Amino acid sequence: QVRPVESGGDSRQAGGSLTLSCASSVSSERRYSMAWFRQAPGKEREGVAAVDNFGSTKYGESVKGRFTISQDKAKNIFYLQMNNLKPEDTAMYYCAVVRRIWIGSAPPLNPGEYDSWGQGTQVTVSS
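Residues numbered from 1 in each chain as written. Predicted model: local features only at pLDDT ≥ 70, side-chain atom pairs only at ≥ 80, totals over all residues. Heavy atoms only, no water.

Q: Outline the pairing of strand E3 (residues 18-23), supporting the account with residue identities and numerical values.
A: For a regular strand, the rule is simple: side chains alternate between the two faces of the sheet. Relative to E3, strand E1 (residues 5-7) is paired through three bridges, and the arrangement is antiparallel. Its bridge partner lying in E3, Val-5 is registered against Ala-23. Relative to strand E8 (residues 77-82), E3 runs antiparallel, the two sharing six bridges. Within the sheet, the bridge partner assigned to Leu-18 lies in E8 and is Met-82. (Pairing = 2+ DSSP bridges. Helix = DSSP H or I, 4+ residues; strand = E, 2+ residues; numbered from the N terminus.)

Written out as structure tokens, the structure is:
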């Protein structure tokens, strides 16, 4: 199914690592973009990382150098590898997809551009 399903959320101490997974059949489509977003209580939804079917990627400033987005098209799974976790990474993490790409540009981190969302998976990082 295209609608994403996230998994892998857990609790970690600062400095630890965690990998989130997102299952979606959108990776079988010719053109698609997929993104991870997160939302902490009382805060706006924030774009974390995005990837399209060509492998173009984009990262939010707060996670650059620590998080890596990847995809396994054969398994229809997207991943978010999170290293050097910080307490400010604590949030509900959402996977979102859309059947389009942005020609000549990396996929956006604007939540309004994505039309199918998962239910979220909780990540908690303690100091």
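Q: Mind laying out the state of the cysteines, listing which residues take part and the relevant values?
A: Applying the stated criterion across every chain yields a total of one disulfide. The disulfide partner of Cys-22 is Cys-95, and the S-S distance across this bridge is 1.8 Å. Because the sign of the S-S torsion sets the handedness, a value of about -70° for the bond joining Cys-22 and Cys-95 places this disulfide among the left-handed ones. Taken as a pair, Cys-22 in strand E3 and Cys-95 in strand E9 (residues 91-98) lie far apart in primary sequence, 73 residues in all. Like Cys-22, the residue Cys-95 is buried in the burial classification. (Disulfide = S-S within 2.5 Å. Buried < 20%, exposed > 50% of the residue type's maximum accessible area, 1.4 Å probe, protein only.)

Q: How would you sum up the pattern of salt bridges? Please name residues and give values.
A: The tally for this structure, following the rule as stated, stands at six salt bridges. In this structure, Arg-38 engages Asp-89 in a salt bridge whose closest nitrogen and oxygen atoms are separated by 2.9 Å. Of the two residues, Arg-38 sits in strand E4 (residues 33-39) while Asp-89 sits in the loop between E8 and E9, which places them 51 residues apart along the sequence. Residue Arg-38 shares its accessibility class with Asp-89, and that shared class is buried. One salt bridge in this structure joins Arg-66 and Asp-89, with 2.7 Å as the shortest N-O distance. One end of the pair, Arg-66, is in the loop between strand E6 (57-59) and strand E7 (67-72); the other, Asp-89, is in the loop between E8 and E9, and 23 residues separate them in sequence. (Salt bridge = Lys/Arg side-chain N within 4 Å of Asp/Glu carboxyl O.)

Q: Please set out the side chain of Ser-24 residue by residue, giving values where relevant.
A: Mapped onto the elements of the fold, Ser-24 is located in the loop between E3 and E4. At 2.6 Å, the side chain of Ser-24 forms a polar contact with the backbone oxygen of Val-2. Look past the residues within four positions of Ser-24 in its chain and what remains in contact with it is Gln-1, Val-2, Pro-4, Asn-76, Phe-78 and Val-97. (Polar contact = N/O pair within 3.5 Å; in protein donor to acceptor, adjacent residues only side chain to side chain. Contact = heavy atoms within 4.5 Å.)

Q: Account for the sheet that holds E1, with residues named and values stated.
A: Strand order in the open sheet made by the four strands is E1-E3-E8-E7, with antiparallel pairing throughout. Across the chains shown, the open sheet's two edge strands, defined by having one partner strand only, are E1 and E7. Ignoring which end each strand starts from, the neighbouring axes of this sheet average 20° apart. (Axes fitted to C-alpha atoms, helices over the stretch in contact; angles between N-to-C directions.)

Q: For the packing of aromatic side chains, give the residues involved together with the corresponding values.
A: A complete count under the given rule lists five aromatic pairs for this structure. Look at Phe-37 and Tyr-114: their rings are 5.6 Å apart centre to centre, the planes differ by 70°, and that puts the pair in the edge-to-face class. With Phe-37 in strand E4 and Tyr-114 in the loop between E9 and strand E10 (116-117), this residue pair connects regions lying 77 residues apart in the sequence. Of the residues examined, Phe-37 reaches a relative accessible area of 0% and is grouped as buried. (Phe/Tyr/Trp six-rings, centres within 6.5 Å; stacked < 30°, edge-to-face > 60°.)

Q: Can you break down the nonpolar core residue by residue, with the values?
A: Core analysis: the largest hydrophobic core is formed by 26 residues, its most contacted members being Met-34, Trp-36, Leu-80, Met-82 and Tyr-93. Top element by residues in this core is E9. It accounts for four residues. What Met-82 contacts, discounting residues up to four positions off in sequence, is Gly-16, Ser-17, Leu-18, Leu-20, Arg-66, Phe-67, Tyr-93 and Val-123. With 10 residues, the next largest nonpolar core counts Ala-35, Ala-50, Ala-96 and Trp-102 among its residues. (Core = buried A, V, L, I, M, F, W, Y, C linked by side-chain atoms within 4.5 Å.)

Everything listed here is a matter of geometry and, on its own, says nothing about what the molecule does.
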